[in-house]
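Residues per chain, in single letters:
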Amino acid sequence: MPGPRAADAVYDAVAVRSAAVVIRAYSSSFGWACRLLGGPVRDHVRTVYALVRVADEIVDDPASGLTGAERGELLTELEREVGRARERGRSSNLVVHAFARTAREFGIGDDLVTPFFGAMRADLTATTHDDASFAAYVHGSAEVVGLMCLRVFVAGDDAAYGRLAPGAARLGAAFQKVNFLRDLAEDQDVRGRSYFPGLDVDAFDDADRDRLLADVDADLAAAAAVIDDLPRSSRRAVRVAHDLFAELSRRLAATPAATIRRERVRVPDLVKARLVAAAVARDVLR
């Protein structure tokens, strides 16, 4: 029978593997980029995204048959367990345990965790947004996730974090806005939500598409300006993630608004592979 330290190591390893299982099941584009992260960094970033995915499923899974109130209770239970695990370093929930281990090691605090759960909770009641609530939602659901990852990337270098944080937040915002565009139909028809302030989804046209994508492209440009300053262990992966969403933006721009309203725009795997190869080559030549 293993001693206490060995048992802890086994439990930690199982928790990290459980996070990887969640990512493989739910996120294809993230999986392409995540493979390029350095080994330890990759494990920690997976724990962040696994927690995000679990919270998102509580809020959005249409097959669960849960009421909004029941989803809210589950989300509150998850948030409380995350808080307890961050304090004591252990949870019986493997995904929470893995996240808490990462949060404690890299200083992921309430400034990032609280807005995230606030955004998830907003999805239970809000069906439309004004400018202020949209900004708060994007911050909590996406920007803070990029900042959590940045905490891992810079590994305690607060000066680097401060310098790179605006770009990391803008990249998270771009990812979220692109996904809002890709999911216009599902969000409205299945979940009864419309995220973009003032947008009439039923009247969505090419001018709306272009206006929204101009905002996305500004976010992507701001993020691109700092990617080369990231540590080598994360630079390639972030470049691939950026380029995948830049490609999605280009494809959305070339897709009629009526089609976006009906179908989810995707990047084919062969194109993803080309973007990965280009990012790797660029990093080798630096």
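Residues numbered from 1 in each chain as written. Predicted model: local features only at pLDDT ≥ 70, side-chain atom pairs only at ≥ 80, totals over all residues. Heavy atoms only, no water.

**So, the packing of aromatic side chains**
For any two aromatic rings, the description comes down to two numbers: the centre-to-centre distance and the angle of the planes. Here is the rule we go by: Two rings from Phe, Tyr or Trp (for Trp, the six-membered ring) form a pair when their centres are within 6.5 Å of each other. A pair whose planes differ by under 30 degrees is stacked, one over 60 is edge-to-face, and the rest are tilted. Going along the chain from the N terminus, every DSSP run of H or I of four or more residues is numbered as a helix, and every run of E of two or more is numbered as a strand. Our definition puts a charge over a ring when NZ of Lys or CZ of Arg is within 6 Å of the ring centre and also within 35 degrees of the ring normal.
Under the defined criterion, the tally for this structure stands at eight aromatic pairs. With a centroid separation of 6.1 Å and an interplanar angle of 35°, the aromatic rings of Tyr137 and Phe180 are classed as tilted. Taken together, the residues span a long stretch of sequence, with Tyr137 in helix H7 (residues 131-154) and Phe180 in helix H8 (residues 158-182) at a distance of 43 residues. An aromatic cluster is built from Phe134, Tyr137, Phe180, Tyr195 and Phe196, whose rings are joined through pairwise contacts. Just above the ring of Tyr11 sits the side chain of Arg90; from NZ or CZ to the centre is 4.1 Å. The residue whose ring lies beneath Arg151 is Tyr161, and the NZ or CZ to ring-centre distance is 3.7 Å.

**Description of helix H5 (residues 94-106)**
Where we set the bar: How far a helix is expected to stretch is found by multiplying one less than its residue total by 1.5 Å. Relative accessibility under 20% of the residue-type maximum defines a buried residue, over 50% an exposed one, and the middle range a partly exposed one, all with a 1.4 Å probe and only protein chains included. N or O atoms closer than or at 3.5 Å make up a polar contact, with two conditions inside protein: a donor-capable atom paired with an acceptor-capable one, and, for residues adjacent in sequence, both atoms drawn from side chains.
For H5, which comprises 13 residues, the first-to-last C-alpha distance of 19 Å matches the rise-based estimate of 18 Å (1.5 Å per residue) to within 8%. The complete set of buried residues in H5 reads Val95, Val96, His97, Ala98, Phe99, Ala100, Thr102, Ala103 and Phe106. Sitting at the head of H5, Asn93 places a side-chain oxygen 3.0 Å from the backbone nitrogen of Val95. Remark: Gly107 follows H5 within two positions and exhibits a positive phi of approximately 75°.

**Considerations on the packing of H7 against H8**
The description of two packed helices rests on the angle between their axes and on the distance between the axes. Here is the rule we go by: Axis lines are fitted through C-alpha atoms, for helices just across the contact stretch, and the angle between N-to-C directions can take any value from 0 to 180 degrees. Here the angle decides the label: under 35 degrees means roughly parallel, over 145 means roughly antiparallel, 65 to 115 means roughly perpendicular, and every other value means oblique. Should the near helix be turned anticlockwise from the far one by less than a right angle, the crossing is left-handed, and should it be turned clockwise, the crossing is right-handed. Note on contacts: a residue pair is in contact if any heavy atoms of the two residues lie within 4.5 Å. Each residue receives one of three labels: charged for Asp, Glu, Lys and Arg, nonpolar for Ala, Val, Leu, Ile, Met, Phe, Trp, Tyr, Cys and Pro, and polar for the others, Gly being one of them.
The contact between H7 and H8 brings their axes to 7 Å, and the two run at 135°. By the angle class used here, H7 and H8 are oblique. As for how H7 packs across H8, the hand of that crossing is right-handed. Across the interface between the two elements, Phe134, Tyr137, Val138, Ser141, Ala142, Glu143, Gly146, Leu147, Leu150, Arg151 and Val154 from H7 touch Asp158, Ala160, Tyr161, Leu164, Ala165, Ala168, Ala169, Gly172, Ala173, Gln176, Lys177 and Phe180 from H8. Residues belonging to the contact of H7 with H8 are distributed by class as follows: 15 nonpolar, four polar and four charged.

**A word on the nonpolar core**
As a reminder, the rule being used: Only buried residues count toward a nonpolar core. Its members are Ala, Val, Leu, Ile, Met, Phe, Trp, Tyr and Cys residues joined through side-chain atoms within 4.5 Å.
Core analysis: the biggest nonpolar cluster contains 86 residues, and Phe99, Phe116, Met148, Leu150 and Phe153 have the highest contact counts within it. Look past the residues within four positions of Phe99 in its chain and what remains in contact with it is Thr47, Val48, Leu51, Val82, Arg86, Ile108, Val113 and Met148.

**Thoughts on the environment of Val96**
Locating Val96 in the fold gives a position in helix H5. What makes Val96 buried here is its relative accessible area of 1%. Distance in space between the C-alpha atoms of Val96 and Val16 is 10.0 Å, their sequence separation being 80 residues. Residues within four places of Val96 in sequence aside, it is in contact with Leu51, Leu78, Glu81, Val82, Ala85 and Ser91.

**So, the pattern of salt bridges**
Stated precisely, the cut-off is as follows: Here, a salt bridge means any side-chain nitrogen of Lys or Arg that lies within 4 Å of a carboxyl oxygen of Asp or Glu.
All told, the structure shown has 27 salt bridges when counted by the stated rule. Across the salt bridge formed by Arg151 and Asp158, the nearest N and O atoms sit 3.2 Å from each other. For Arg151, a relative accessible area of 17% translates into the label buried. With a shortest N-O distance of 3.2 Å, Arg191 and Glu186 are connected by a salt bridge. We classify Glu186 as partly exposed; its relative accessible area is 35%. When salt bridges that share partners are traced, they join Asp60, Asp123, Glu186, Asp187, Arg191 and Arg193 into one network.

**Considering unusual backbone geometry**
Of note, the phi angle at Ala155 is positive, near 50°, even though the residue is not glycine. Here Ala155 lies in the loop between H7 and H8.

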